[in-house]
Amino acid sequence: MTKLLNAIRRTFGDAPYSEPTPHFHQGTSDSFPEVCFEGGCSRPHLHA
Ligand SMILES: [Zn+2]
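All of these numbers come straight from a predicted model, not from anything done at the bench.

What counts and what doesn't
Residues numbered from 1 in each chain as written. Predicted model: local features only at pLDDT ≥ 70, side-chain atom pairs only at ≥ 80, totals over all residues. Helix = DSSP H or I, 4+ residues; strand = E, 2+ residues; numbered from the N terminus. Buried ≥ 20, exposed ≤ 12 C-beta atoms within 10 Å, placed from the backbone. Pairing = 2+ DSSP bridges. Contact = placed C-beta atoms within 7 Å. pLDDT = per-residue confidence, 0-100.

Undergrad: Which parts of the structure should I look at to understand the overall build of the protein?
TA: For the protein, the helix and strand inventory stands at 1 helix and 2 strands. Start at the N end of the protein and walk to the C end: the helices and strands fall as α-β-β. When each of the 48 residues of the protein is scored for burial, the buried share is 0%.

Now the structure itself:
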């Protein structure tokens, strides 16, 4: 795994790698918001 991590670090260079922040959308039901992991998602977010 260490080799893989090093390869990933090389790929991303010195820039800190940050995962997209998960956010929520209005689900099909008000009781179940839909979680989304897309960083560039353009759908309206659900604000708690
Ligand atoms: Zn989204």
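Undergrad: Before we go on, may I ask you to explain the pairing of strand β1 (residues 23-29) in this structure?
TA: Consecutive side chains along a regular strand alternate between the two faces of the sheet. In this sheet, strand β2 (residues 32-36) lies alongside β1 in antiparallel orientation, the contact comprising 4 bridges. Bridge pairing in β2 places S29 opposite F32. The hairpin turn running from β1 into β2, its antiparallel successor, is 2 residues long.

Undergrad: What's the story with the environment of C41 in this structure? I'm lost.
TA: Here C41 is to be found in the segment after β2. Distance in space between the C-alpha atoms of C41 and H23 is 9.5 Å, their sequence separation being 18 residues.

Undergrad: Even after reading the chapter, I still don't get the environment of F24, so can you show me in this structure?
TA: Tracing the backbone through its elements, the reader meets F24 in strand β1. Exposure remark for F24: the 14 C-beta atoms within 10 Å place this residue in the partly exposed category. With 11 residues separating them in the primary sequence, F24 and V35 have C-alpha atoms 4.5 Å apart. Not counting residues up to four positions away in its chain, the partners in contact with F24 are P33, E34, V35, C36, H45 and L46.

Undergrad: Would you explain the confidence of the model for the protein in this entry?
TA: Caution is warranted with low-pLDDT regions, since their predicted coordinates should not be read in detail. Looking at the protein, the pLDDT average stands at 79 and 75% of residues meet or exceed 70. Confidence, expressed as mean pLDDT per element, reaches its minimum in the protein at helix α1 (residues 2-12) with 75 and its maximum at β2 with 89.

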